[in-house]
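A closer look at the structure
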Amino acid sequence: MNQSEIGKLHEKRRPQSLVNLEKGKSFKSSVEFFRDWEKLSEQQKKDITPTEKVGIYGIVFSMFEDRLETLWWNCSYVYKWNVIGEREWNEEEQRYVIVGSKPPDEKEFKKRKIPRGIRHTGYFRSSLLENKKISQKLYDRIEKSESDRRELIHRFMYFQKDLMDKHIIDVMELFREIDKIIQKHKRVNKNLL
């Protein structure tokens, strides 16, 4: 990778550009990575360096975020949520709103080019809760996990010793829970997805 490519990964739109087989291979290798870690003895887990542990955590969190994004996209398409447009701060409501919005059409849904300013789990989580696609309890669990992730990833040098196995396991449980919701949603809406 040369210097001019730094800062341009967002332009690759990686998950959206992968065919299902490629995406499946990425998921499979990530799940295998998690399972290999999960099979380690307690002592072997203690011997893992903090950097290796944050790598496992990062992969699991990435898998979870992908599932959350997928659920959001599927719901926005099936239920015709107005999500394509510009995101602006609404002073009166004290929150971001989509201005000039419309539901994604089939091409936008398949390409999954998320509108500028809303590509983060907090938005997906809030939108899914507002539209009653996830429970308040699940919303709260995701929010707590995101809060820890921000500190563990962005301030890792201060929190190396605070990353516990429970963080990794909790995120994998969230991944599985969201994946079950997606599978059910696909069965119910198989003629649309």
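Scroll up to find the structure.
The following refers to the structure shown.

Calculation notes
- Residues numbered from 1 in each chain as written.
- Predicted model: local features only at pLDDT ≥ 70, side-chain atom pairs only at ≥ 80, totals over all residues.
- Heavy atoms only, no water.
- Axes fitted to C-alpha atoms, helices over the stretch in contact; angles between N-to-C directions.
- Helix = DSSP H or I, 4+ residues; strand = E, 2+ residues; numbered from the N terminus.
- Parallel < 35°, antiparallel > 145°, perpendicular 65-115°, else oblique.
- Left-handed = near helix turned anticlockwise from the far one by under 90°.
- Contact = heavy atoms within 4.5 Å.
- Nonpolar A, V, L, I, M, F, W, Y, C, P; charged D, E, K, R; others polar.
- Core = buried A, V, L, I, M, F, W, Y, C linked by side-chain atoms within 4.5 Å.
- Buried < 20%, exposed > 50% of the residue type's maximum accessible area, 1.4 Å probe, protein only.
- Pairing = 2+ DSSP bridges.
- Patch = residues over 30% accessible without salt bridge, like charges linked within 9 Å, V, L, I, M, F, W, Y side chains within 5 Å.
- Areas by Shrake-Rupley, 256 points an atom, 1.4 Å probe, with all protein chains shown as cover.
- Salt bridge = Lys/Arg side-chain N within 4 Å of Asp/Glu carboxyl O.
- Lys, Arg positive; Asp, Glu negative; His and termini not counted.
- Charge placed at Lys NZ, Arg CZ, Asp CG, Glu CD.

1. As for the packing of helix H7 (residues 136–154) against helix H9 (residues 165–188)
What describes two packed helices is the angle between their axes and the distance between those same axes. Close contact between H7 and H9 brings their axes to 11 Å; oriented N to C, the two are set at 140°. The orientation of H7 relative to H9 falls into the category oblique. Both H7 and H9 take part in a crossing whose hand is left-handed. Listed contacts from H9 to Leu 138, Arg 141, Ile 142, Ser 145, Asp 148 and Leu 152 of H7 are His 167, Val 171, Glu 173, Leu 174, Glu 177, Ile 178 and Ile 181. By residue class, the composition of the contact of H7 with H9 is seven nonpolar, two polar and four charged.

2. Some points on the nonpolar core
Among the nonpolar cores identified, the biggest contains 42 residues, and Phe 64, Trp 72, Leu 128, Ile 134, Ile 142 and Ile 178 are the most heavily contacted of them. Ranked by residue count, the leading element in this core is helix H4 (residues 50–78), at 13 residues.

3. Considerations on the environment of Leu 128
Relative to the helices and strands, Leu 128 resides in helix H6 (residues 121–130). On a C-alpha basis, the gap between Leu 128 and Leu 71 in space is 8.4 Å, while along the polypeptide they are 57 residues apart.

4. Quick look at the pairing of strand S2 (residues 95–102)
In the case of a regular strand, side chains alternate between the two sheet surfaces. Relative to S2, strand S1 (residues 84–90) runs antiparallel, the two sharing six bridges. Directly across from Trp 89, in S2, lies its bridge partner Tyr 96. Linking two consecutive strands that pair antiparallel, namely S1 and S2, is a turn of four residues; a positive phi of about 55° is found at Gln 94 within it.

5. Description of unusual backbone geometry
The backbone of Gln 94 sits at a positive phi, close to 55°, despite the residue not being glycine. One can find Gln 94 in the loop between S1 and S2.

6. Side note on a positive patch on the surface
On the surface, a cluster of positive charge is made up of Arg 35, Lys 39, Arg 176 and Lys 180. Its place among the elements puts Arg 176 in helix H9.

Take it as geometry only, folks, not as evidence of what the structure does.
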